[in-house]
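# Descriptive structure summary
This is what each chain is made of:
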Amino acid sequence: MPEPRRYVLTGAPGAGKTTLLEALRHRGHVTVREAATDVIAERQAQGHAEPWDEPGFLDAVAVLQHRRQADLDRHGPVQLHDRSPLCTLALARYQRRPAGPALRAELDRITRLRTYQRLVFMISPLGFIRHTPARRISYAESLTFARVHRQVYEEYGHHVVDVPAGPPWKRVAVIERHVSWPT
């Protein structure tokens, strides 16, 4: 069985990636949820108010990203991922924290194996941000964070496709026009 084509949706927090991924899933696409949000929710349920500031957080996200990617490899020739380990590296850089051993190993693995397609979808911000227990960043900070994502992906040789703000169906159409479907 050939390797799946794994495409990444990335961008500013609150830009609508999760909503967009859900719309793609409803259209029959294989999708992968964001790992960081789930790690945050789990740790907050354990009483950790701001787990993103804890040692080991970035590595926990990288480990979950790897597990989700590996678990899905038998499900569909094309996959759409809400973030990747390169996004976790962007978070490390944004926070001015070093990448831990698990994140470094995952970055080495995905680079060596070319795990993700070179084409990456940068989901443009909607012009506002809704705060959640996992998203406490300001809109201005989210724009800076998005720029760090773009820099990381370009540094690793990816081509970034901007998906403009708009209704989900228009954004889905942009992604579907660019995704390479197996024949």
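Residues numbered from 1 in each chain as written. Predicted model: local features only at pLDDT ≥ 70, side-chain atom pairs only at ≥ 80, totals over all residues. Heavy atoms only, no water.

## Here's the deal with empty space enclosed by the protein
Inspection of every chain in the model, using the stated rule, returns 1 cavity of 30 Å³ or more. What the largest cavity holds in volume is close to 60 Å³. In terms of lining residues, the largest cavity is bounded by Val 32, Arg 33, Glu 34, Ala 35, Gln 65, Arg 68, Gln 69, His 81, Asp 82, Arg 83 and Tyr 116. For the lining of the largest cavity, the elements supplying multiple residues, two or more each, are α3 (57-71) and β3 (78-82). Ranked by residue count, the leading element in the lining of the largest cavity is α3, at 3 residues. A per-class count over the lining of the largest cavity returns 3 nonpolar, 3 polar and 5 charged. (1 Å grid on protein atoms, 1.4 Å probe; cavity = no way out; pocket = protein on both sides within 12 Å on 5 of 7 lines; lining within 4 Å. Points joined across faces, edges and corners; volume = space filled by probe spheres on them. Helix = DSSP H or I, 4+ residues; strand = E, 2+ residues; numbered from the N terminus. Nonpolar A, V, L, I, M, F, W, Y, C, P; charged D, E, K, R; others polar.)

## Points about α3
Taking 1.5 Å of rise per residue, the 15 residues of α3 would be expected to cover 21 Å, and the 21 Å separating its terminal C-alpha atoms lies within 8% of that figure. Within the span of α3, buried status applies to Phe 57, Leu 58, Asp 59, Val 61, Ala 62, Leu 64, Gln 65 and Gln 69. The secondary structure elements touched by the buried residues of α3 are β1 (5-11), α2 (35-45), β3, α4 (85-95) and α5 (101-113). (Expected span 1.5 Å × (residues − 1). Buried < 20%, exposed > 50% of the residue type's maximum accessible area, 1.4 Å probe, protein only. Contact = heavy atoms within 4.5 Å.)

## Digging into the pattern of salt bridges
For the structure on display, the rule yields 10 salt bridges. The shortest N-O distance in the salt bridge between Arg 68 and Asp 38 comes to 2.4 Å. With Arg 68 in helix α3 and Asp 38 in helix α2, this pair connects stretches of sequence that are 30 residues apart. Overall, Arg 68 belongs to the partly exposed group, its relative accessible area being 21%. A network of salt bridges, in which partner residues are shared, links Arg 33, Asp 38 and Arg 68. (Salt bridge = Lys/Arg side-chain N within 4 Å of Asp/Glu carboxyl O.)

## Here we look at the layout of surface pockets
The computed volume of the largest pocket comes to approximately 1,100 Å³. Taken together, 44 residues make up the lining of the largest pocket; nearest its centre are Pro 13, Gly 14, Glu 34, Thr 37 and Arg 135. Of all elements in the fold, only α1 (17-26), α2, α3, α4, α6 (139-155) and α7 (168-178) reach the threshold of two or more residues within the lining of the largest pocket. A per-element tally of the lining of the largest pocket places α1 first, with 7 residues.

## Points about unusual backbone geometry
One non-glycine residue, Arg 83, adopts positive backbone phi at about 80 degrees. Of note, Arg 83 is situated in the loop between β3 and α4. A positive phi angle, close to 55 degrees, is found at Arg 96, a residue other than glycine. Following the sequence through the fold, Arg 96 ends up in the loop between α4 and α5. Overall, Arg 96 belongs to the exposed group, its relative accessible area being 79%.

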